[in-house]
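Below are the chains, spelled out letter by letter.
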Amino acid sequence: MIKLLKVLTLLLTLLCCHGKAHSQVIKNLGLTVNYNYGVKNAGIGLRYYVALTEKLSLVPQVRYQPAFNTIHEAYAGLMLHYSIYENNSLGIYALAGGEVNYWFNYSPTINPKAKEINVLPELGGGIQIPFNKFIIFTELKYNPIWNEALSELGIRLTPNGRRKNKQLKCPKFF
């Protein structure tokens, strides 16, 4: 499983470094703190945003719940964010995706679905508030397999500012 997490982390790193120097592709990095309400775990995360369209973004992410928690675990996943509403001071989006979970201190539980390595779907939504070179966001996610909710609070670093680079329209002269 450690090898799988290393491979997923490498893929996330490569995705972060990949891309054309193209003004229409918006990419930015996010840092998070999170809390799992079901197991009362706290953790940290890293994510990378790639805007696919004006409303749809691909968001690979990793999360780590350190050993001071009851359950020591790591996640690597891929989410899709769909913008429901956005203006200059607020954005609301839906999200869906999946994650691979590795449970470091695994021991059998009363839940027969719980394994050392788990593939988990997640659904949820988020709110973002833009500032000059960053965006503060919060998300609420739900994992239907474990019947658990997770909230995240984070910051997205946007080196070119939040404004999206829309294609320039040339004026018509004739």
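For the structure given in this document, a descriptive report is provided here. Along each chain, residue indices are assigned from 1 in the same order as the chain's sequence is written. In keeping with the predicted nature of the model, local features appear solely for residues at pLDDT of at least 70, side-chain atom pairs appear and are counted solely at 80 or more, and the whole-chain, interface and lining totals rest on all residues. Side-chain numbers here rest on the full set of heavy atoms in the structure, without hydrogens or water.

A few points about the overall build of the protein chain
Across its full length, the protein chain carries one helix and eight strands. The secondary structure listing takes helices from DSSP runs of H or I that are at least 4 residues long and strands from runs of E that are at least 2 residues long, numbered from the N terminus. Counting helices and strands in the order they occur from the N terminus, the protein chain gives α-β-β-β-β-β-β-β-β. For the protein chain, buried positions account for 36% of its 174 residues. The criterion used for residue contact is that any of the two residues' heavy atoms lie within 4.5 Å. Summarising the internal contacts of the protein chain: among those between residues at least 6 apart in sequence, 50% fall at separations of at least 24. When the accessible area of the protein chain is evaluated, it comes to approximately 10,600 Å², of which 67% is carbon and sulfur surface. Only protein chains enter the accessibility calculation, which uses a 1.4 Å probe. A residue is then buried if its area is under 20% of the maximum for its type, exposed if over 50%, and partly exposed in between. To be clear on the numbers: accessible area is Shrake-Rupley with a 1.4 Å probe, and residue cover counts the displayed protein chains and nothing else.

Comments concerning the pattern of salt bridges
By convention in these notes, a salt bridge is any Lys or Arg side-chain nitrogen within 4 Å of a carboxyl oxygen on Asp or Glu. Counted under the stated rule, the structure contains seven salt bridges. Among the salt bridges present, the one from lysine 141 reaches glutamate 139, with a minimum N-O distance of 3.7 Å. A salt bridge links lysine 141 to glutamate 152, with the shortest nitrogen-to-oxygen separation between them at 2.6 Å. Separated by eleven residues along the polypeptide, lysine 141 in strand S7 (residues 134–143) and glutamate 152 in strand S8 (residues 148–157) bring together distant segments of the chain.

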